[in-house]
Amino acid sequence: MNKPIVTVRNVVKSYRKGREAVEVLHGLDLEIAQGEFSALMGPSGSGKTTLLNLIGGLDRPTSGEVEVGGERIDRLSSRALARWRSNHVGFIFQFYNLMPVLTAQRNVELPLLLKKMSSKERRERAMTALEIVGLADRAKHLPRELSGGQEQRVAIARAIVSDPDLLLADEPTGDLDRDTANEILDLLGTLNTRHGKTILMVTHDPVAAEHAGRTVHLDKGSIKAGEEAA
Amino acid sequence: MEQILVITLQNLKSIPGRLGTSLVAVVGVAGVVAVLVAVLSMARGFENTLESGTSPGNVIVLRSGSSSELDSGFQGDQARIIAQAEQLALVSPEVYVIVDLEKKSSQTQANVPMRGVGADAAAIRSDFRIIDGRMFEPGRRELVAGRGAADQFAGLAVGNTLEFGTERWDVVGIFESGGGSAESELWTDSATLQGAYRRGNSFSVVYGRLDDPGRFTEFKDALTSDPQLSVRVERESEYFAEQSRALSTFVSVVGYGIAVLMALGALFGALNTMYTAVSDRAREIATLRALGFTPVAIVVSVMAEAMLLALAGGLIGAGLAWLLFNGFTVSTLNFSSFSQVVFAFAVTPGLLVQGIVIALIIGLVGGLAPAIRAARMPIVSALRE
Ligand SMILES: Nc1ncnc2c1ncn2[C@@H]1O[C@H](COP(=O)(O)OP(=O)(O)OP(=O)(O)O)[C@@H](O)[C@H]1O
Ligand SMILES: [Mg+2]
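Cut-offs applied
Residues numbered from 1 in each chain as written. Chains lettered and ligands numbered in written order. Predicted model: local features only at pLDDT ≥ 70, side-chain atom pairs only at ≥ 80, totals over all residues. Heavy atoms only, no water. Phe/Tyr/Trp six-rings, centres within 6.5 Å; stacked < 30°, edge-to-face > 60°. Buried < 20%, exposed > 50% of the residue type's maximum accessible area, 1.4 Å probe, protein only. Helix = DSSP H or I, 4+ residues; strand = E, 2+ residues; numbered from the N terminus. Lys NZ or Arg CZ within 6 Å of the ring centre and 35° of its normal. Core = buried A, V, L, I, M, F, W, Y, C linked by side-chain atoms within 4.5 Å. Contact = heavy atoms within 4.5 Å. Domains from an automatic or database assignment. Salt bridge = Lys/Arg side-chain N within 4 Å of Asp/Glu carboxyl O. Axes fitted to C-alpha atoms, helices over the stretch in contact; angles between N-to-C directions. Parallel < 35°, antiparallel > 145°, perpendicular 65-115°, else oblique. Left-handed = near helix turned anticlockwise from the far one by under 90°. Nonpolar A, V, L, I, M, F, W, Y, C, P; charged D, E, K, R; others polar. Near = heavy atom within 4 Å. Polar contact = N/O pair within 3.5 Å; in protein donor to acceptor, adjacent residues only side chain to side chain. Areas by Shrake-Rupley, 256 points an atom, 1.4 Å probe, with all protein chains shown as cover.

Caption draft 1: Region of the structure containing the packing of aromatic side chains. On inspection of all chains with the given rule, the structure shows five aromatic pairs over all chains. When the centroid spacing of 6.1 Å and the interplanar angle of 15 degrees are considered together, the rings of A:Phe91 and A:Phe93 count as stacked. Of the two residues examined, A:Phe91 and A:Phe93, each falls in the buried class. For the pair B:Phe128 and B:Trp187, a centre-to-centre distance of 5.0 Å together with 15 degrees between the ring planes defines the contact as stacked. Placement of B:Phe128 in strand β4 (residues 128–133) and of B:Trp187 in strand β8 (residues 186–189) is noted, with a sequence separation of 59 residues between them. In this structure B:Trp187 comes out as buried when scored by relative accessible area, which is 0%. Put simply, the rings of B:Phe128, B:Phe175 and B:Trp187 touch in pairs and so form one group of aromatic residues. Directly above the aromatic system of B:Tyr207 lies the positively charged group of B:Arg125, at a separation of 4.1 Å from the ring centroid.

What follows is the structure in structure tokens.
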């Protein structure tokens, strides 16, 4: 196994619901190796999104450690965490979350606005990312002029445009038909094998999980024994 | 910086999708600004009228204890003493009466000031000019009417004959005097008016022009210390400023009162618009945050949107007030003299700026709370929506 890019140690996450705290993750441990393509499966409500958000630095654990790329992100200030996210992770959402008023290319450029670079360089990088996902010819289209699969490709281009090591995808094919889903999964596979991206993908779809080299099963906030598959 | 600019532009581009609520804010702010500017321009116009046409060397002498020309009065010999003051370069002892004329707009009777003037009167009002007909001839029952009076009251056309008091008067000319309050008046010569109104040799006031504006105190002291006289001596500009104070204060207070109430309404409109904008776009904002955009950028972009909507409203409101009211002429009762003053609303650049500043304040206050809410929304829960 390569050295781990993600190390989750004894992570507890609880949410406040009114007066009582509901514990969603119960002392969870997980390692993801550099270059791995992992699927995270489990019943609804088992805490998959919660875990993904912790690894992506969108939320903080109640206790425990989250180390990504050698950095203890659970200890970062929110400012530092925001900067860390913009440099080290790309997010892919089930509903794409593109900005409806921006063209595909502008959507892809968004993460680059946080970096010092000329607008020309931004445009070139965005076009490169769009080429990788096969949508260079749709650069000037608005999201509503694209199909669901194309929208997700734009979202993937946005996730990779600042060249992060780690891609986090929450049910990226959850809203797509089988064929389109397979195209997206193939694209993720390519990003993994050819571009060396480490990918953690939440999915309910066993077919999707087959594209991943490894499947982690989550149940009621704990990793199930015998998680390794494929 | 660029991140702020881009998400602000993005907010603005999404306004067409929220046109309804955005318009509510714009219209609300426009209403506030239009009303405020209109009302203040009325107060300003009134002040302008009473203050313009005055010049720094001009003085007015009234009987001590009188509040206006109407209740002031001197015997002829007192007027002569005043007129002979050595500091005066020009002097005009004047008789001031009120006549009834019909207001064109409402066809009701109104009090119009009529002034019997001395030979220097026109020279003292620096911008006095006959614009139609000719000047009255002393000793004849002739009058000239101020431009404002001629506009507002019936029968004041050159060639007309009017009846009031016990006499018939020929209207022989129309004059202007730099937009000042004299334009609301009718003028004839003082001896004629004394005769027509049985005033004997008495006068109401003495107007004068000092040979040097710096000698005002000297002039004032000389008259007030004269044992034969009991007078109140004022610079013309101060006298008129004081005359206009009551009405312009009243108008300003009412105007600001209405504007504050409307502003509260507009503020809630703006708050509602921005809360809607923020909650409509909760997932977009959370996505931006996930990508690494800072809460500051979110706050600024929401504020910028609120301020721009408010600015649009402010410009529309100020523009409307300017189009509808600038130069709009009305006559009203001057509380201080109980006679009609004709004046034009003055929508000055200063008032327009004031209106737009109010609009921006509404935008600022209305945008702040929604902006902060947007920035503090937990990313993960907003992403679930
Ligand atoms: N912000 C929150 N506040 C309170 N409870 C929350 C919050 N986020 C998640 N939860 C709860 O945590 C549990 C796990 O949620 P999570 O979204 O991680 O599950 P999931 O495995 O992603 O489910 P799904 O497959 O339906 O997406 C659920 O019971 C959910 O109600
Ligand atoms: Mg989930």
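Caption draft 2: Spotlight on the nonpolar core. Within the largest apolar cluster, 63 residues are counted, with the highest numbers of intra-cluster contacts made by A:Leu51 and A:Ile55. Once you skip the residues sitting within four places of it in the chain, A:Ile55 turns out to touch A:Val6, A:Val8, A:Leu30, A:Val66, A:Val68, A:Ile73, A:Trp84, A:Leu166, A:Leu168 and A:Leu200. Core analysis: the second largest hydrophobic core is formed by 39 residues, B:Val99, B:Leu156, B:Phe164 and B:Phe216 among them.

Caption draft 3: Quick peek at the environment of B:Leu19. All names here are of chain B. Counting through the fold element by element, Leu-19 comes out in helix α2 (residues 19–51). The class for Leu-19 is partly exposed, based on a relative accessible area of 46%. Along the primary structure Leu-19 and Thr-273 are separated by 254 residues, whereas in three dimensions their C-alpha atoms are 9.8 Å apart.

Caption draft 4: Quick peek at the domain arrangement of chain B. Entries for chain B in the domain assignment read domain 1 (2–51 + 244–384) and domain 2 (65–229). A separation of 46 Å is found between the C-alpha centroids of domain 1 of chain B and domain 2 of chain B.

Caption draft 5: Local environment of unusual backbone geometry. The phi dihedral of A:Asn10 falls on the positive side, at around 50 degrees, and the residue is not glycine. Relative to the assigned elements, A:Asn10 resides in strand β1 (residues 4–17). Phi is positive for B:Gln107, which is not a glycine, with a value near 55 degrees. Locating B:Gln107 in the fold gives a position in the loop between β2 (88–102) and β3 (109–117).

Caption draft 6: Quick look at the pattern of salt bridges. Residue and element names in this part refer to chain A. All chains considered together, the criterion is met by 30 salt bridges over all chains. In this structure, the salt-bridge partner of Asp-137 is Arg-138, at a minimum N-O distance of 3.8 Å. In this structure Asp-137 comes out as exposed when scored by relative accessible area, which is 56%. On the basis of relative accessible area, Arg-138 is assigned to the partly exposed category, the value being 27%. Among the ionic contacts, a cluster of salt bridges with common partners joins Arg-9, Glu-65, Glu-67, Arg-72 and Asp-74.

Caption draft 7: Expanded view of the packing of helix α10 (residues 295–325) of chain B against helix α11 (residues 349–376) of chain B. Residue and element names in this part refer to chain B. It is the contact of α10 with α11, at a shortest axis distance of 7 Å, that shows an interaxial angle of 155 degrees. Taken together, the axis directions place α10 and α11 in an arrangement best described as roughly antiparallel. The handedness of the crossing between α10 and α11 comes out as right-handed. When its residues are assigned to classes, the contact of α10 with α11 shows 23 nonpolar, three polar and no charged.

Caption draft 8: Geometry of the site of ligand 1. Contacts to ligand 1 come from 14 residues, most closely from A:Ser44, A:Lys48, A:Thr49, A:Thr50 and B:Arg384. Residue neighbours of ligand 1 fall on chains A and B, so the site bridges chains. Between ligand 1 and the protein, one listed contact pairs an oxygen atom with a side-chain N or O atom of A:Ser44 at 2.5 Å. B:Arg384 places a polar side-chain atom, nitrogen or oxygen, 2.6 Å from an oxygen atom of ligand 1. For ligand 1, whose unbound accessible area comes to 630 Å², protein coverage reaches 73%. Counting residues per element, the ones that place at least two in the shell around ligand 1 are β1 and α1 (48–55) of chain A. Per-element accounting of the shell around ligand 1 gives the leading share, three residues, to α1(A). Here the shell around ligand 1 is built from residues that sort into three nonpolar, seven polar and four charged.

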